[in-house]
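Results of the structural survey
As a plain string of letters, each chain reads:
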Amino acid sequence: MQCLSDLGAACCGRLAKLGGAGGHRRRLLEMGFVPGTRFRVVRRVDIGGVLELELRGCRVTLRTTEARDILVEDVFE
Amino acid sequence: MSPSAPPVAESARPTTARIALAGNPNAGKTTVFNRLTGRTAKVANYPGITVEIEEGRWVLPRSGPVTLVDVPGSYSLSAHSAEERVAIEAVAGLDPYPRPDAVVVVADATELARHLYFVLQVLELDRPTVLALTMVDSLESTGRSIDTTALSDALGIPVVQVVTSKDRGIEELTRIVDGLLESDSRPRVADPFDEPESLHRAVEDVAAYVPDAWHRGDPMRARALARWAMLTSDEPDATAGLPAPLIAAANRHREAALAEGRDLDAEIVGARFAWIDARIDRFVRRDEPDTRTWTDRVDDLLLHPILGFALFVALMTVVFQALFVGADPFIGWIEDGVGFVADLVGGWLPEGLFRDFVVSGVIEGVGAVLVFLPQILLMFLFLGLLEDTGYMARVVFLMDRIMRRVGLHGRAFVPMLSGFACAVPAILATRTMERRRDRLLTMMVVPLMTCSARLPVYGLMIAAIYPLGSGDRPFTQGLLMAAMYLFSIVVALFAAGVLGRTLLKGKQPPLVLQMPPYRRPNAKVIGRGMVRRAGIFVKEAGTVILACTIAMWVLLTFPREPELDRDYAALRAEASAELPAEELEERLAALDAEENGDRLRHSYAGQLGRTIEPAIEPLGFDWKVGVGLIGAFAAREVFVSTMAVVYGLDTELDEHSAPLRKKISQHTDSAGNKVFTPRTCLSLMVFFALACQCLSTLAAAKRESGGYGWPVFMFAYMTALAWIASFAVYQGMGLFGFE
């Protein structure tokens, strides 16, 4: 398993595990970050540290610091 | 049929039916609301625009008028923020909100999977429901389409595709809701959606603790509210008002699951997404290959950490220059119009106190503020374009790295952007943030953003320094205006950084953001937004500002017979006796002007202004500006109207028709030096940028923070900051040799 924050643009994979706790973790779940979900990294901006992902055909952005709490598997480019 | 279900016959219905309009933020809900009710609430292409519940009248062909409730936009029906709490209470009909007779869920077709999560939550509540799909035209432009029949069959509710700008689907939606009210049809979707057996048992157990008044004998509804409690129970902030036994039961199951190594949150949320994932390919058809790539290509540029930022600043400079160049002819027309009316009325009325009141007080005072209507209209045209195209969401993305550094919530940028319009709705928009600390921090710095009430003051000052068309370097006015906006952002971020490390310490707030595809802006929507803002501005000019202007006029005019410094009647007599005819006229005119100035200085406002003069003199302001500042503490625009009254009273009547910006730029003191030098103007603009001169803002902050402490603090720190910064600007420029 890898950290979502370590992936570059155009990486695809599956969400495996969500760290963190409470409301923020639940918000991620409700935005579709459910374990097992397939995703694609659309964009990675290193200055500023933001990741844009595609999940179920929807676009979501999150900070790389928050992506550190998300573990992924089956990663390919 | 449940006891409170709407009766079949319209005549038997005791009160008007209530329809809740719910959906994710940014789903186009407010546009649908406006289209159905004819109301013009603000619509924007970024999340979190609706913060207060709005209600409108919607006339159905058979059921007659019903109440349509615009529920705040929410990502889910589990409460993480004040806004989402309101959303679930309004849709579920928990106290104090009456139970809706039907629910219209609005979902964005381009992000169907995520929006369906919300739809499923609404269906669990077991009310007659219809799904309205928006952004269908956007979806079609990317080569996809929605199979409405498959979606409708799977969900067990009617589904309508709506394009408000083309009136597509509106009639169908109206007809379906009309039918729902008469037949009380319920969703036929299977409950619970693919819920694992162990989870289902836990939900049933917690459901037993849901109060009867909440579920009204409906087990499906009880289970839905149980899931809500289970997703909320470990957050003390969000559970306020929930029955203690319900929270206890939810927490018991949460802990039991944790002990088994299970994760209840992921199971509950995952069950709904599992249902969606199993079917989404049947709902969305791909007719052509994905054409979203052009949005991506544009984003590669606009979201670039350096280029994107530079483009944003460049765009803003162009916008602000356009504010001057584009508005200038219209401003000229309004100035001429006001001058014409003032001369006309001045000619009709007999000379005296009443004529002075009408001409110098009412017409010129309010006219001086109305002159800025074109700039405000243009400002909202640009803001509307930025919001409606989806560029605003990119700006939030670009700004996050800065926002994060100062400890602001990622979503704080939305209220801060609305702060460019007005701090009052911006303070209300802080409700989109979950935590009180984030809300307060944003609330404290939002009034520093350059609101539209500062525009007249900046406009006046910049026009005084650099009149348009005076042969200056191009873009001077726009750059100066952009600099003022940038200055306000920098100071607001700095203030947030300081407050966030001292009074309002807190952990780094998370950011999860959606990036909508670029859309073609809707002229109607933007036009309505402009008209609405202009209406508010004109209404305010006609009420609050008019009242303040009249009050300032009274203070400036009375006492009528003050103790003057010199005996002007004697001086006039002396001049008439001594001077030859050709010099006499000039001397008499000079004496008149001196007497007017003397009267002004001895008026109540003049006395007040001179009292505070020692405090504002180091900032480069004389007592006349002081009079304007006193008026401006009620509302900033009053400064402009007060200055109009001050300079109107100060000069000869035949100069009345000269517009204020000309009078200001030509005004000299007794020694013949210009009063409004660039140094004074800059100092004054900085003062207006920072000082808390708005009673409505303080009132809104009091309401939202729940006490007097925070607004008093806001007023104190902003005013102190304003004084210090103006002092630094004025004295600093003095050191560098500026006059």
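Just so it is clear, the model here is predicted, and its values are computed rather than measured. (Residues numbered from 1 in each chain as written. Chains lettered and ligands numbered in written order. Predicted model: local features only at pLDDT ≥ 70, side-chain atom pairs only at ≥ 80, totals over all residues. Heavy atoms only, no water.)

**What to know about the overall build of chain A**
Put simply, the rule reads: What counts as a helix is a DSSP run of H or I of at least four residues, what counts as a strand is a run of E of at least two, and both are numbered from the N terminus. In this scheme, a residue with accessible area under 20% of its type's maximum is buried, one over 50% is exposed, and one in between is partly exposed, where area comes from a 1.4 Å probe on protein chains only. Throughout, a contact is declared for two residues whenever any of their heavy atoms are within 4.5 Å. Per-residue and other accessible areas follow the Shrake-Rupley method at a 1.4 Å probe size, with only the shown protein chains counted as cover for residues.
Per the secondary structure count, chain A includes two helices and six strands. Looking at chain A residue by residue over its 77 residues, the buried ones come to 61%. Contacts in chain A between residues far apart in sequence, at least 24 positions, make up 57% of those at least 6 positions apart. Entry remark: accessible area of chain A is about 2,800 Å², with carbon and sulfur atoms responsible for 48%.

**Considerations on the side chain of Thr129 of chain B**
Mapped onto the secondary structure, Thr129 of chain B falls in strand β5 (residues 129–134). Not counting residues up to four positions away in its chain, the partners in contact with Thr129 of chain B are Val103, Val105, Val122, Leu123, Ile157, Pro158 and Leu180 of chain B.

**Description of a nonpolar patch on the surface**
Residues and elements named next belong to chain B. Basically, it comes down to this: To count toward a patch, a residue needs a relative accessible area above 30% and no salt bridge. Like charges then connect within 9 Å, nonpolar side chains (Val, Leu, Ile, Met, Phe, Trp, Tyr) within 5 Å. Criterion for a salt bridge: a side-chain nitrogen of Lys or Arg within 4 Å of a carboxyl oxygen of Asp or Glu.
A cluster of nonpolar side chains, contributed by Phe340, Val341, Leu344 and Trp348, occupies part of the molecular surface with about 470 Å² of accessible area. Within the secondary structure layout, Trp348 lies in helix α13 (residues 307–348). Residue Trp348 is classed as exposed on the basis of its relative accessible area, which comes to 68%.

**Describing the pairing of strand β4 (residues 50–55) of chain A**
Residues and elements named next belong to chain A. Convention followed: A pair of strands is considered paired only if DSSP assigns at least 2 bridges between the two.
Of all the six residues making up β4, six are buried; the element is thus mostly covered by neighbouring parts of the structure. Every second residue of β4 is oriented toward a common face, with Val50, Glu52 and Glu54 on one face and Leu51, Leu53 and Leu55 on the other, all of them buried. The pairing of strand β3 (residues 38–45) with β4 spans six bridges and is classified as antiparallel. Bridge pairing links Phe39 to Leu55 in β4. As judged from the six bridges shared by β4 and strand β5 (residues 58–63), these two strands associate in the antiparallel manner. Bridging across to β5, Leu51 finds its partner in Leu62. The hairpin turn running from β4 into β5, its antiparallel successor, is two residues long, and Arg56 in that turn takes a positive phi close to 50°.

**Quick word on the nonpolar core**
Put simply, the rule reads: For the purposes of this section, nonpolar cores are sets of buried Ala, Val, Leu, Ile, Met, Phe, Trp, Tyr and Cys residues that join through side-chain atoms within 4.5 Å.
Judged by nonpolar contacts, the single largest core of 128 residues is most densely connected at Phe639 and Phe676 of chain B. The greatest single-element share of this core, amounting to 12 residues, is contributed by helix α21 (residues 476–501) of chain B. Residue contacts for Phe639 of chain B: discarding those within four places in its chain leaves Val457, Met461, Val625, Gly628, Leu629, Ala632, Leu684 and Phe688 of chain B. Judged by nonpolar contacts, the second largest core, of 89 residues, contains Val60 and Val72 of chain A together with Ala22 and Val122 of chain B.

**Points about a negative patch on the surface**
All names here are of chain B. Let me state the cut-off plainly: Under the counting rule used here, the positive set is Lys and Arg, the negative set is Asp and Glu, and His together with the chain ends is not counted. By convention, charge coordinates are those of NZ in Lys, CZ in Arg, CG in Asp, or CD in Glu.
On the surface, a cluster of negative charge is contributed by Glu582, Glu583, Glu585 and Glu586. Here Glu586 is to be found in helix α25 (residues 581–602). Accessibility expressed as a relative area gives 64% for Glu586, which makes it exposed.

**Quick notes on the sheet that holds strand β4 (residues 102–108) of chain B**
Residues and elements named next belong to chain B. Quick note on the threshold: Axis geometry follows a simple rule: fit a line to the C-alpha atoms, using only the stretch in contact for helices, then measure angles between N-to-C directions, giving values from 0 to 180 degrees.
Spatially, the six strands line up as an open sheet ordered β2-β3-β1-β4-β5-β7, and their pairing is mixed. Two strands bound the open sheet, and with one partner strand each, they are β2 (54–60) and β7 (159–161). In this sheet, neighbouring strand axes are inclined to one another by 25° on average, regardless of whether the strands run parallel or antiparallel. Pairing analysis gives six bridges linking β4 to β5, with the strands arranged parallel. From the neighbouring strand, Asp108 faces β5, where its bridge partner is Thr134. Docked against the sheet, helix α1 (residues 29–37) engages β1 (18–23), β2, β3 (64–70), β4 and β5, running at close to 50° with respect to β2. Helix α5 (residues 148–155) contacts β5 and β7 of the sheet and is inclined by roughly 150° relative to β7.

**Some words on the environment of Leu123 of chain B**
Checked against the element boundaries, Leu123 of chain B lands in helix α3 (residues 112–124). Using a relative accessible area of 0% as the deciding quantity, one classes Leu123 of chain B as buried.

**A short note on the pattern of salt bridges**
A pair can form between side chains of opposite charge whenever their charged atoms are brought close. Going through the model one piece at a time under the given rule, you end up with 30 salt bridges over all chains. In this structure, Arg272 of chain B engages Glu124 of chain B in a salt bridge whose closest nitrogen and oxygen atoms are separated by 2.7 Å. With Arg272 of chain B in helix α11 (residues 264–283) and Glu124 of chain B in helix α3, the pair connects residues that are 148 residues apart, well separated along the chain. The salt bridge involving Arg437 of chain B is made with Asp438 of chain B; its shortest N-O contact spans 3.0 Å. Among the residues examined, Asp438 of chain B registers a relative accessible area of 2% and is labelled buried. What emerges from the salt-bridge pattern is a single network uniting Arg40, Arg43, Glu52, Glu54 and Arg59 of chain A together with Asp299, Asp300 and Arg394 of chain B.

**Some words on the state of the cysteines**
Residues and elements named next belong to chain A. Rule in force here: Here, a disulfide means two cysteine sulfur atoms that sit within 2.5 Å of each other.
This structure, assessed with the given rule, holds zero disulfides over all chains. Note on Cys12: no disulfide assigned, nearest cysteine sulfur contributed by Cys11 at a separation of 7.5 Å. Using a relative accessible area of 16% as the deciding quantity, one classes Cys12 as buried.

**Comments concerning the interface of chain B and chain A**
Definition in use: Accessible surface is computed with a 1.4 Å probe, and the buried area is the amount of it that two parts give up when combined, taken over both parts together. Residues adjacent in sequence count toward polar contacts only when both atoms are side-chain atoms; beyond that, a polar contact is any pair of N or O atoms within 3.5 Å, and within protein one must be able to donate a hydrogen and the other to accept it. All amino acids are sorted into three groups, where Ala, Val, Leu, Ile, Met, Phe, Trp, Tyr, Cys and Pro are nonpolar, Asp, Glu, Lys and Arg are charged, and the leftover types, Gly among them, are polar.
Facing 46 residues of chain B, the contacting portion of chain A comprises 30 residues. In this assembly, chain B packs against chain A so that about 3,300 Å² is buried in total across both faces, 53% of it on carbon and sulfur atoms. Per-residue buried area on chain B facing chain A is highest for Arg114, Phe397 and Val512 of chain B; these three make up 18% of the total on that side. One salt bridge connects Asp277 of chain B with Arg56 of chain A, and the closest N-O pair in it is separated by 2.5 Å. Viewed at the interface, chain A and chain B are joined by eight residue pairs in polar contact (both at pLDDT 80 or more). Listed by contribution, the elements that provide at least two residues to the side of chain B that touches chain A are α3, α11, α12 (293–302), α16 (391–405) and β9 (512–514) of chain B. A total of six residues in the side of chain B that touches chain A trace back to one element, the largest contributor, which is α11 of chain B. Taken together, the residues that form the side of chain B that touches chain A break down as 18 nonpolar, 10 polar and 18 charged. The pairing of β5 of chain A with β9 of chain B spans three bridges and is antiparallel. In the strand pairing of β9 of chain B, Leu62 of chain A is matched with Val512 of chain B.

**Some points on the packing of aromatic side chains**
All names here are of chain B. So the rule is basically this: Only rings of Phe, Tyr and Trp enter the pairing, Trp through its six-membered ring, and a pair is recorded when the two centres are within 6.5 Å. The plane angle decides the type: under 30 degrees is stacked, over 60 is edge-to-face, the rest tilted.
Going through the model one piece at a time under the given rule, you end up with 11 aromatic pairs over all chains. On the numbers, 5.4 Å between centres and 25° between planes, the contact of Phe713 with Tyr717 is stacked. Of this pair, Phe713 and Tyr717 both sit in helix α32 (residues 709–735), separated by four residues, roughly a single helical turn. Residue classification places Phe713 among the partly exposed residues on the basis of a relative accessible area of 25%.

**So, the sheet that holds β5 of chain A**
The seven strands are arranged β1(A)-β6(A)-β2(A)-β3(A)-β4(A)-β5(A)-β9(B) in an open sheet whose pairing can be described as antiparallel. Looking at which strands have only one partner, the edges of the open sheet turn out to be β1 (2–3) of chain A together with β9 of chain B. As judged from the three bridges shared by strand β2 (residues 12–18) of chain A and β3 of chain A, these two strands associate in the antiparallel manner. Counted as the bridge partner of Gly13 of chain A is Phe39 of chain A from β3 of chain A.

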